[in-house]
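Summary of the model geometry
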Amino acid sequence: MKAARHFRPLPPELAAIQADMEKWALQYGLDFFTTIFEVVDADQLSAIAAYGGFPTRYPHWRFGMEYEQLSKGYHYGLQKIYELVINNDPCYAYLLASNSVTDHKLVMAHVYGHCDFFKNNAWFAHTNRKMIDGMANHGNRIRRYMDRFGVEEVEAFIDACLSIEDLIDINSTFIKRSNDDSRFEFQSATGESEQDRVQATRFQSKSYMDRFINPPQALADELADQRRIVESRQQQFPSEPTRDLMLFLMHHAPLKPWQLDVLSILRDEAYYFAPQGQTKIMNEGWATYWHSTIMTRHAIEPRDLICYADHCAGTLAGSATRLNPYKLGVELFRDIEDRWNRGAFGEEYEQCDDRVARENWNRDTGLGRKKIFEVRRIHNDLTFIDEFLTLDFCRRHRLFKFGYNNNSGYYEIESKQFEEVKKQLLFNLTNLGRPIIYVRDGNYRNRGELFLEHRFAGVELKLTYAQDTLANLFRIWKRPVHIETTLEGKVATVSFDGKEHQLTRPEETIRLPGPGDVLVTN
Amino acid sequence: MFMKIDRDQHRFREIVRGKVRENLRKYITHGEMIGRKGKELVSIPLPQLDVPHFRYGQNGRGGVGQGEGEIGQPVGKGDQEGEGLGSAGGEPGEHVREVELTLAELAQILGDELELPRIQPRGKANIAQEKARYNSIRRVGPETLRHFKRTYIEALRRQVSEGSYDPAHRGRVIPIKEDRRYRSWQNIPVPDANAVIIYMMDVSGSMTDEQKQIVRTEAFWIDTWLKSQYKGLERRYIIHDAVAKEVDESTFYTTRESGGTRISSAYKVCADQIAASFNPSDWNIYCFQFSDGDNWGEDNKSALQILRESILPACNLFCYGQVESPYGSGEYLRALIAAFGDREEKLVTSEIADKSAIIDSIKKFLGKGK
């Protein structure tokens, strides 16, 4: 189904600027889908932003909530959305009508950076480039279900699914995790099962030595072991823990056809949006790199200067508690370009201990531009930081690590050590800074209960959120659900059976207060 | 562009209202959860409005920042929530999003939930008063009311149609007399119903802070509801022990005296107020009296007399709320009932045992629609 979208053409003066910007972008070797700009007013922009960039999205109350926040923020003068660009072919980008011409220039240059990134970065390779239509299609399907089954019913199910929308396997688009479902479970003609086929390891030996090289007892033990493994694997469900809970639910949860469709829609959208979360620093850094290059070298006119500088200072401002992705990204790209221009990489450079020599290192390699184009193609934020955040960079930009101090109730600076800082940053980027959760058992206690496992990495789950998420998951799975995690250094399982939340630790079981309980604070 | 967002925004507001309604009893019981924001807005914490996900808590959480600073220097405040197992027993649903509602919406929700009838203003108050509203356009009028935009548009339209518009000089549009448009008014009947609430409270030693908190919470909801029913709403506060005086709102809730109790003294001040400032033919008068029911024995007679002769004939509704207190005898309520029984329909009495009884008390007071 095609979305009926009528884009107003740009007014002539902006169209001229666009042609200019596109020319510069192409000249620098940026490679992007056709880009279509539309000028919208602040409320429209807030609305589009609330829909995640897609005005044709399915109806849901949270978009209304988002909209109210954005538009209030704008009208109170607290925040302003400068640009909004959608990963699609053609790329759609929105300009805020109330912006000055200088801002429009800057935003256009910035948008071309994003478009190039969308098209060329490997992590976006699997995304649907006709997502505008895809979203409109999703919208129509969900609207139809709402007409048929009731708004409340469908919305409540969407709410439940949204709770687990981040439980997908973002790497599965590159790794084949499981074999395609085979239509037939073949049994061998002799009737032997997989269990019968296991064999113990036999070493080659002369017959008189066989008893010693392959002791019968050891062979029997090994065979029994292997049988047990095969058997347990057959009983396990899923056969291996999986991170794609949404897919698992699609296959195994007792869903009505429309529910299955809604779940698959939300899963599609989750996979579509995932790379944007994975590449926030790079994407913004890349776009900032190009808007600053194009603006400062070509497009800026004397009257633009103050406005441009002001805007740049605003977007690149650092903060003590939130690392600005624009700033970090663009500085890293510049650092890489500089290092590869000077040849400041490789073994010889790494092993050089002389600070002055390192600073003045110059081999005139001139590979900078080429390198950053390569980086933008193959990396995501995690690998980007891992590969290119150096000690020098960390010192120059005065990065530090902060942590929550339980006693003072404040976030406090904990360390300025490079290793610590980098480790923390990588941790925050791993799995988009969210806990890593596996589906371990879909038939827990042989009672059809769902058992999830949080792979603990030093930070505890927020218990109240976890409880509510379990309650939502229960609405989909319709049998008790559990998650194993670590609390206060001990393994603990949080469960929800449809009525009560329970916390089970090896030595005790606690009934947790649920959402239905009255909150008493005096 | 067609704004589909309106539908979603509407739905969001609907959900907010639904949730507030669902939790109304809780909000009423714990009045302090509701924060005032300026004159017309209240903010209400709405747990579970966000879509919950598995997320990290604060324990062991941190990040990377940029800038000057020494180790140990605080960079930001944590959220005000004791997370982790220690507090897991006590407080569910701490991820609290606050939503804003107007007082009118809140009153509407209260009315819906408690099925409160709309109030019929009485007497002369039903007579509508005419008010001028500038909401239309005429071709003639005084220059002071000239509508610049409309005039400009008319002139532009005329010039374009007669071909005298010169695009090279955009904006050069010269209106002639026929182009001029003027603001004009219509008379709109506005019901001129004014209301006054007179709160009376016993502040003698037997009323503790907890009792006062109950009164305060109840008064907030009564205010909210009556405000939605009347355009102008005045409030008067009278405190009394053995003697009574009129005070402002904050004094009303904070004063604590230790003397004896003479309810008649408060009634007297109330009756004087009504006589002096609130002519019953112009005003809808609501009296709310809160006490723990202790009164000086021989005072009952004179109190009931003032009530019967001066206050009840003048007011729409007289509500007596008896707050249960460890010291009060609750005897005054019995005296009221003995004196009036069910015969006086302007008199409503209710016993408020604790905070959770507030909601029923409000329903009883306002359920008559007077």
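Let us look at the structure shown here.

Let's talk about a nonpolar patch on the surface
Residues and elements named next belong to chain A. Together, Phe203, Tyr208, Met209, Phe212 and Ile213 line one region of the surface with nonpolar side chains, adding up to about 560 Å² of accessible area. Mapped onto the secondary structure, Tyr208 falls in the loop between helix 7 (194–197) and helix 8 (210–213). On the basis of relative accessibility, which here comes to 61%, the residue Tyr208 falls in the exposed class.

Quick notes on the packing of helix 3 (residues 61–75) of chain A against helix 1 (residues 5–22) of chain B
Contact pair helix 3 of chain A / helix 1 of chain B: the axes reach a minimum separation of 7 Å and the direction vectors enclose 95 degrees. The orientation of helix 3 of chain A with respect to helix 1 of chain B, classified from their angle, is roughly perpendicular. Residues A:Trp61, A:Phe63, A:Gly64, A:Met65, A:Tyr67 and A:Glu68 of helix 3 of chain A lie in contact with helix 1 of chain B, whose contacting residues are B:Ile5, B:Asp8, B:Gln9, B:Arg11, B:Phe12, B:Arg13 and B:Ile15. By residue class, the composition of the contact of helix 3 of chain A with helix 1 of chain B is seven nonpolar, two polar and four charged.

What about the packing of helix 18 (residues 381–388) of chain A against helix 20 (residues 418–429) of chain A?
Residue and element names in this part refer to chain A. At their nearest, the axes of helix 18 and helix 20 sit 9 Å apart, and the two run at 170 degrees to each other. The angle between helix 18 and helix 20 places the two elements in the roughly antiparallel class. Judged by the sense of rotation from one axis to the other, the crossing of helix 18 with helix 20 is left-handed. Side by side, helix 18 and helix 20 meet where Asp381, Leu382, Ile385 and Asp386 of the first sit next to Lys422, Leu425, Leu426 and Leu429 of the second. Here the residues of the contact of helix 18 with helix 20 are counted per class, giving five nonpolar, no polar and three charged.

Quick look at unusual backbone geometry
Residues and elements named next belong to chain A. Geometrically, the link from Asp89 to Pro90 is a cis peptide bond, its omega value of 0 degrees lying close to zero. Mapped onto the secondary structure, Pro90 falls in the loop between strand 2 (83–86) and strand 3 (91–96). Despite not being glycine, Asn431 shows a phi value in the positive range, around 50 degrees. Mapped onto the secondary structure, Asn431 falls in the loop between helix 20 and strand 6 (437–444). A positive phi angle, close to 50 degrees, is found at Glu488, a residue other than glycine. For Glu488, the location among the structural elements is in the loop between strand 8 (481–487) and strand 9 (490–496). Judged by relative accessible area, which is 45%, Glu488 ranks as partly exposed.

With respect to the pairing of strand 6 of chain A
All names here are of chain A. Bridging between strand 6 and strand 7 (residues 449–454) involves five bridges; their strand directions are antiparallel. Residue pairing for strand 7: Tyr444 is matched across the bridge by Glu449. The turn linking strand 6 back onto strand 7 is made up of four residues, and Arg445 within it adopts a positive phi angle of 55 degrees.

A closer look at the sheet that holds strand 10 (residues 244–247) of chain B
Residue and element names in this part refer to chain B. Strand order in the open sheet made by the six strands is 10-9-8-11-12-13, with mixed pairing throughout. This sheet does not close on itself; its edge strands, each paired only once, are strand 10 and strand 13 (347–352). On average, adjacent strands in this sheet sit at an angle of 20 degrees to one another, irrespective of strand direction. Sitting on the sheet, helix 9 (residues 331–340) touches strand 11 (283–291), strand 12 (317–323) and strand 13, and the angle it makes with strand 13 is about 155 degrees.

Rules used throughout
- Residues numbered from 1 in each chain as written.
- Chains lettered and ligands numbered in written order.
- Predicted model: local features only at pLDDT ≥ 70, side-chain atom pairs only at ≥ 80, totals over all residues.
- Heavy atoms only, no water.
- Patch = residues over 30% accessible without salt bridge, like charges linked within 9 Å, V, L, I, M, F, W, Y side chains within 5 Å.
- Areas by Shrake-Rupley, 256 points an atom, 1.4 Å probe, with all protein chains shown as cover.
- Salt bridge = Lys/Arg side-chain N within 4 Å of Asp/Glu carboxyl O.
- Helix = DSSP H or I, 4+ residues; strand = E, 2+ residues; numbered from the N terminus.
- Buried < 20%, exposed > 50% of the residue type's maximum accessible area, 1.4 Å probe, protein only.
- Axes fitted to C-alpha atoms, helices over the stretch in contact; angles between N-to-C directions.
- Parallel < 35°, antiparallel > 145°, perpendicular 65-115°, else oblique.
- Contact = heavy atoms within 4.5 Å.
- Nonpolar A, V, L, I, M, F, W, Y, C, P; charged D, E, K, R; others polar.
- Left-handed = near helix turned anticlockwise from the far one by under 90°.
- Pairing = 2+ DSSP bridges.

The values reported here are purely geometric and, on their own, carry no functional implication.
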